[in-house]
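Residue-level structural notes
Chain by chain, the residues:
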Amino acid sequence: SQTIHQWPATLVQPVGSPLSLECTVEGTSNPNLYWYRQAAGRGLQLLFYSVGIGQISSEVPQNLSASRPQDRQFILSSKKLLLSDSGFYLCAWSFGLAGETQYFGPGTRLLVL
Amino acid sequence: EDQVTQSPEALRLQEGESSSLNCSYTVSGLRGLFWYRQDPGKGPEFLFTLYSAGEEKEKERLKATLTKKESFLHITAPKPEDSATYLCAVLGGGSYIPTFGRGTSLIVHP
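So, here is what we can say about the structure in this document. (Residues numbered from 1 in each chain as written. Chains lettered and ligands numbered in written order. Predicted model: local features only at pLDDT ≥ 70, side-chain atom pairs only at ≥ 80, totals over all residues. Heavy atoms only, no water.)

Attention now moves to the overall build of chain A. When helices and strands are counted, chain A shows 0 helices and 11 strands. For chain A, the α and β elements follow one another from N to C terminus as β-β-β-β-β-β-β-β-β-β-β. The C-alpha radius of gyration computed for chain A amounts to 13 Å, which stays within 12% of the reference 13 Å derived for 113 residues, consistent with globular compactness. Each principal axis of the C-alpha atoms in chain A carries an extent, and together these give about 40 × 25 × 20 Å. (Helix = DSSP H or I, 4+ residues; strand = E, 2+ residues; numbered from the N terminus. Rg over C-alpha atoms; globule rule 2.2 N^0.38 Å.)

Helices and strands together make up the secondary structure of chain B, namely 0 helices and 11 strands. Over its C-alpha atoms chain B spans a radius of gyration of 13 Å, differing by no more than 12% from the 13 Å that the globule rule assigns to 110 residues. Projecting the C-alpha coordinates of chain B onto the three principal axes gives extents of approximately 45 × 30 × 20 Å. When contacts within chain B are restricted to residue pairs at least 6 apart in sequence, long-range pairs at least 24 apart make up 55% of them. Accessible surface for chain B amounts to roughly 5400 Å². Of this, 47% is attributable to carbon and sulfur atoms. Of the side-chain charges in chain B, 12 are positive and 14 negative, and the distance between the mean point of each set is 2 Å. (Contact = heavy atoms within 4.5 Å. Areas by Shrake-Rupley, 256 points an atom, 1.4 Å probe, with all protein chains shown as cover. Lys, Arg positive; Asp, Glu negative; His and termini not counted. Charge placed at Lys NZ, Arg CZ, Asp CG, Glu CD.)

The subject of this paragraph is the state of the cysteines. For the structure on display, the rule yields 2 disulfides over all chains. Covalently, cysteine 23 of chain A is tied to cysteine 91 of chain A through a disulfide, its sulfur atoms 2.0 Å apart. Since a negative S-S torsion denotes a left-handed disulfide, the cysteine 23 of chain A-cysteine 91 of chain A link at about -75 degrees is left-handed. Remark: cysteine 91 of chain A occurs in strand β9 (residues 87–95) and cysteine 23 of chain A occurs in strand β3 (residues 19–26); sequence separation between them is 68 residues. By relative accessible area, which is 0% here, cysteine 91 of chain A ends up buried. At a sulfur-sulfur separation of 1.9 Å, the disulfide partner of cysteine 23 of chain B is cysteine 88 of chain B. What sets the handedness of the cysteine 23 of chain B and cysteine 88 of chain B disulfide is the S-S torsion sign, and at about -65 degrees it is left-handed. (Disulfide = S-S within 2.5 Å. Buried < 20%, exposed > 50% of the residue type's maximum accessible area, 1.4 Å probe, protein only.)

To continue, consider the pattern of salt bridges. Residues and elements named next belong to chain B. Counted by the stated rule, this structure contains 6 salt bridges over all chains. The shortest N-O distance in the salt bridge between aspartate 39 and arginine 37 comes to 3.0 Å. According to the relative accessible area criterion, aspartate 39 is partly exposed, its value standing at 23%. Here lysine 63 ties to glutamate 56 by a salt bridge, and the two come within 3.3 Å at their closest N and O atoms. (Salt bridge = Lys/Arg side-chain N within 4 Å of Asp/Glu carboxyl O.)

A word on the packing of aromatic side chains. By the definition in use, this model includes 12 aromatic pairs over all chains. Note on phenylalanine 104 of chain A and phenylalanine 100 of chain B: the rings are 5.9 Å apart at their centroids and 75 degrees apart in plane angle, and the pair reads as edge-to-face. Of this pair, phenylalanine 104 of chain A sits in strand β10 (residues 99–104) while phenylalanine 100 of chain B sits in strand β10 (residues 99–100), on two different chains. The pair phenylalanine 104 of chain A / phenylalanine 100 of chain B is uniform in exposure class, with both members buried. An aromatic cluster is defined as three or more aromatic residues linked by ring pairs; in this entry it consists of Tyr34, Tyr36, Tyr49, Trp93, Phe95, Tyr103 and Phe104 of chain A together with Tyr36, Phe46 and Phe100 of chain B. (Phe/Tyr/Trp six-rings, centres within 6.5 Å; stacked < 30°, edge-to-face > 60°.)

Much of the literature gives interface size as the accessible area that the parts lose upon coming together. With 18 residues of chain B at the interface, the matching set in chain A holds 23 residues. Summed over both sides, the interface between chain B and chain A buries roughly 1600 Å², with carbon and sulfur atoms accounting for 60% of that surface. A per-residue breakdown of the area chain B buries against chain A is headed by Tyr96, Ile97 and Phe100 of chain B, which together make up 34% of the total. Linking chain B with chain A are 4 residue pairs in polar contact (both at pLDDT 80 or more). Per element, the largest residue contribution to the side of chain B that touches chain A is 4 residues, and it comes from strand β4 (residues 30–38) of chain B. Residue composition of the side of chain B that touches chain A, by class: 11 nonpolar, 4 polar and 3 charged. (Buried area = accessible area lost by both parts, 1.4 Å probe. Polar contact = N/O pair within 3.5 Å; in protein donor to acceptor, adjacent residues only side chain to side chain. Nonpolar A, V, L, I, M, F, W, Y, C, P; charged D, E, K, R; others polar.)

Let us look at the nonpolar core. Membership of the largest hydrophobic core comes to 22 residues, with the highest contact counts inside it found for Leu33, Trp35, Leu73 and Tyr86 of chain B. When contributions to this core are tallied by element, the ones reaching two or more residues are β2 (10–14), β3 (19–26), β4, β5 (45–50), β7 (62–66), β8 (70–75), β9 (84–92) and β11 (104–109) of chain B. Element by element, the count of residues in this core is highest for β9 of chain B, at 4 residues. Excluding its chain neighbours within four sequence positions, the residues that come into contact with leucine 33 of chain B are Cys23, Tyr25, Phe48, Thr49, Leu50, Leu66, Ser71, Cys88, Ala89 and Val90 of chain B. Residues Leu19, Leu47, Ala66 and Trp93 of chain A belong to the second largest nonpolar core, which totals 20 residues. (Core = buried A, V, L, I, M, F, W, Y, C linked by side-chain atoms within 4.5 Å.)

This is the structure we're talking about:
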């Protein structure tokens, strides 16, 4: 069976500091991978998605970037955090090409002070 | 552009009081409609995928149905542990990206 991991679970960072959130998937090959941000009352906002190693599509221009250095690893980064980057970050995967059902990780709660 | 509207935004039920959550959608060429359950501070948990009008799926006290314009998540005799936010999403056309609704927050009182 497939599992998805995210870490850290919670992070408190000062404004202007760098960020690295990691997501890994086990039990499948060549998944589609996704980063979402969820703000209270605003639903899920897609940030990035990837259909393969080194292939990143950005949905919203912003202070964040994503990378996929390995088939089942997806990293969300920032060089300098803003207050507005606070939120709940979710990683998700789906089977490649067919897309369809997404399966979510446990999430990372980020608070920028 | 695909659109998903969930109603009501919030629902309070007494334990055992059955009800339904609604997900109305517009999409070009439905490839799938998805229901998730999300507990506070956790990632969404997959419940069902429906592919075509008339399809139904069940899991414990939950039953999801699909028409050409909307989906219902029926909750029969709910228990307090069914309290959560329920999210609906649709995937259309040749996209890899589903469109999510804002969710229905369900509270079941003992």
